[in-house]
Amino acid sequence: MSRFRFRRIDPHTLAGAYALDALGEADRVRFERHLSGCPSCDQEARGLREATARLADALVTQPPEGMRERVMAAAVRTRQNPPVSRPDRAAWPARVAKPARGWWPGRRWGIVIAAGVLAIAVAFGGLAFHTQQQLNQERDRSRAIGAVLNAPDATMMTVAATTRGTVTIVMSHRARALVFTSARLPPLPSSQRYELWLMGRTGPRAAGMLPQPRAGMTAPVIVSGLRSGDMVAVSAEPASGASQPTSRMVMKVVLPS
Amino acid sequence: MTDGQPSLPASGQETGGQQARSPGAGEPGSGGRAGDQSGGDLGALLGQVARGDENAFGVVYGQVCGHVFGVARSVLRDPAQAEEVAQEVLLEVWRDAARFDAGRGTAMTWVMTLAHRRAVDRVRSEQAAADREQRAARADVAYDVVAETVAARLDAERVRRCLGALTDLQQESITLAYYRGCTYREVAGLLKVPVGTVKTRMRDGLIRLRDCLGVD
């Protein structure tokens, strides 16, 4: 019995494996949580990380022809991220941040793919407009979306729904708004639609309906009136919309403060 | 995964590299342990990069590209995939330069941490390990050039010497994890030792390595 408890309360022995990126996902998350509350462990982990990085000295290899040009060309086209406002002590360089799994910027493909998802979703969303009024509305909406995407404090995150599929959110406190899009959420009967909610101290506030998906993806929805401490949630509701959620949330995201 | 044959990163590989051009030749501190001798430089350069300075990014590229590609190549084996990952990492350096925090480690360590994580992420997301092995076998034949500057070779020698001073199990655990991207559980399986032992050897091995290399 004590073995299990010992493992749980003494993750110190993982410091080496952590520095070597040799932990599985669960162990890594647990160890980073431990680091954030243990300055001496954090100090040790840093020292081991420095030593680990030196192992690369034995590997120096000339990159393939043309890589420099490709990288430089890509850089010119790539928007740079602002400094992290809330440094993640444990994970450096910044990895997946705390509140919900799958926060960007983090592992893997990061913002590049999420931005691609948004671009595709915008393209799909753009097909459905006919009248001048609709076009004007669409232009305003695009402007509002652009304001969030280009805000200096824009943060992007992707979260898995409890059912199936993912949602991608770009939020800006400065713009007090977020852009929401989803991919591969389970289809609903025609009498129902997904509804967005902002959940704050005063309870849930209806934040709009998700449009019908095309090719599994929903066009971006702009949600404004964001307050600090809000969570974003989604539930399946009658197609006409509900003023209060009537079913279980299929996903909830804690927004970074 | 070759069964328990970590070996230090191919001494033969370097000698096969002939007099190839060094990565980023002609740039200050190229290939060398830029993170130490000119750690301030690389850190300062990242500061310029964070402000969108493309020239500074070019210099950073020259200082780190050989390391980044080397790590990706070691872990992934396949040169095409290694290049993809290396490009992602370098672009990430551009994008996230403002997030480098000198208070948390040297600039070189920051870059190398990104590089190793991305390479390892890629390896672990690969479904078919056998497929990887096959490609690796092909890659080793096709791939030839390994370039090093004198400074880089000295650094490499020092790393090898320090690795050589470890116990076999420490050395194997560390090299399998770092150079091949194995998890500690995989290492335990390959070496047929308990996972607890591997964890411990990784840690005490790295502590010895740190002391040997004179890292703070």
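The structure we're discussing is the one just above.
Definitions and cut-offs
Residues numbered from 1 in each chain as written. Chains lettered and ligands numbered in written order. Predicted model: local features only at pLDDT ≥ 70, side-chain atom pairs only at ≥ 80, totals over all residues. Helix = DSSP H or I, 4+ residues; strand = E, 2+ residues; numbered from the N terminus. Buried ≥ 20, exposed ≤ 12 C-beta atoms within 10 Å, placed from the backbone. Contact = placed C-beta atoms within 7 Å. Core = buried A, V, L, I, M, F, W, Y, C linked by C-beta atoms within 7 Å. Axes fitted to C-alpha atoms, helices over the stretch in contact; angles between N-to-C directions. Parallel < 35°, antiparallel > 145°, perpendicular 65-115°, else oblique. Left-handed = near helix turned anticlockwise from the far one by under 90°. Nonpolar A, V, L, I, M, F, W, Y, C, P; charged D, E, K, R; others polar. Pairing = 2+ DSSP bridges. Expected span 1.5 Å × (residues − 1). Bend = angle between axes of the 7 residues up to and from the residue.

Right, let's talk about the overall build of chain B for a bit. What chain B contains, in helices and strands, is eleven helices and zero strands. Along the chain direction, N to C, the helices and strands of chain B fall in the order α-α-α-α-α-α-α-α-α-α-α. Considering chain B as a whole, with its 216 residues, one finds that 54% of them fall into the buried category. When contacts within chain B are restricted to residue pairs at least 6 apart in sequence, those whose partners lie at least 24 apart make up 71%.

The next subject is the overall build of chain A. The secondary structure content of chain A amounts to seven helices and eight strands. In chain A, which comprises 257 residues, the share counted as buried stands at 39%. Sequence separation of at least 24 residues holds for 58% of the intrachain contacts in chain A that already meet a minimum separation of 6.

Below, the discussion takes up the nonpolar core. In this structure, B:Val60, B:Val68, B:Ala72, B:Leu90, B:Val111, B:Ala177 and B:Val187 are the most contacted members of the largest nonpolar core, which totals 80 residues. Ranked by residues supplied to this core, first place goes to helix α4 (residues 54–76) of chain B with twelve residues. Aside from chain neighbours lying at most four places away, what touches B:Leu90 is A:Val71, B:Tyr61, B:Cys65 and B:Val68. In this structure, A:Ala154, A:Met157, A:Phe180 and A:Leu210 belong to the second largest nonpolar core, which totals 31 residues.

Contact with chain A, which involves 51 residues of that partner, is made by 75 residues of chain B. Listing elements by their share of the side of chain A that touches chain B, those giving two or more residues are α2 (15–19), α4 (39–54) and α5 (67–76) of chain A. When residues in the side of chain A that touches chain B are grouped by element, the largest group, nine residues, is from α4(A).

Take the packing of α5(A) against helix α5 (residues 79–96) of chain B next. Closest axis-to-axis distance for the α5(A)/α5(B) pair is 10 Å, and the angle between their directions is 40 degrees. Here α5(A) is positioned oblique relative to α5(B), judged by the angle of their axes. Every pair of crossing elements has a handedness; the one defined by α5(A) and α5(B) is right-handed. Counted together, A:Met67, A:Arg70, A:Val71, A:Ala74 and A:Ala75 of α5(A) and B:Glu83, B:Ala86, B:Gln87, B:Leu90, B:Leu91 and B:Trp94 of α5(B) form the full contact between these two elements. Class assignment for the residues of the contact of α5(A) with α5(B) results in eight nonpolar, one polar and two charged.

It is worth spelling out unusual backbone geometry at this point. Within the chain, A:Arg176 stands out as a residue other than glycine whose phi angle is a positive 50 degrees. Mapping A:Arg176 onto the fold places it in the loop between β2 (166–172) and β3 (177–183). The exposure class assigned to A:Arg176 is partly exposed, which follows from the 16 C-beta atoms found within 10 Å. Unusually for a residue other than glycine, B:Lys192 sits at a positive phi of about 55 degrees. Relative to the helices and strands, B:Lys192 is located in the loop between α10 (184–191) and α11 (195–213).

What follows covers the sheet that holds strand β4 (residues 192–200) of chain A. All names here are of chain A. Pairing is antiparallel across the open sheet formed by four strands, whose spatial order is β5-β4-β7-β8. Two strands bound the open sheet, and with one partner strand each, they are β5 (203–209) and β8 (249–254). For this sheet, the mean inter-axis angle between neighbouring strands, taken without regard to orientation, is 30 degrees. By the bridge criterion, five bridges tie β4 to β5 in an arrangement that is antiparallel. Bridge pairing links Trp197 to Ala206 in β5.

Count 3.6 residues to each turn of an α-helix, and residues three or four apart come out pointing the same way. All names here are of chain B. The first and last C-alpha atoms of α4 sit only 29 Å apart over 23 residues, clearly below the 33 Å expected at 1.5 Å per residue. Along α4, the sharpest change in direction is near 50 degrees and occurs at Val64. Within α4, 19 of the 23 residues are buried, leaving the element largely enclosed by the surrounding structure. Backbone geometry just after α4 places Arg77 at a positive phi near 70 degrees.

Both β4(A) and strand β7 (residues 231–238) of chain A contribute to a ladder of eight bridges, which runs antiparallel. When the bridges of β7(A) are listed, A:Glu195 appears paired with A:Ser235.

On to helix α9 (residues 168–180) of chain B. All names here are of chain B. For α9, with 13 residues, the first-to-last C-alpha span of 17 Å sits near the 18 Å given by 1.5 Å per residue. Where burial is concerned, most of α9 is hidden: eleven out of the 13 residues are buried. Within α9 the residues assigned to the buried category are Gln170, Gln171, Glu172, Ser173, Ile174, Thr175, Leu176, Ala177, Tyr178, Tyr179 and Arg180. Residue Gly181 follows α9 closely and has a positive phi angle near 75 degrees.

So, on to the packing of α4(B) against helix α6 (residues 107–125) of chain B. Residues and elements named next belong to chain B. Taken N-terminus to C-terminus, the directions of α4 and α6 make an angle of 25 degrees; their axes are 9 Å apart at the nearest point. As judged from the angle between their axes, α4 and α6 are roughly parallel. The crossing of α4 and α6 is right-handed. Residue-level inspection shows Val64, His67, Val68, Val71, Ala72, Val75 and Leu76 of α4 in contact with α6, the latter providing Val111, Met112, Ala115, His116, Ala119, Val120, Arg122 and Val123. Residues belonging to the contact of α4 with α6 are distributed by class as follows: twelve nonpolar, two polar and one charged.

Function-wise, these values are silent; they only describe arrangement.
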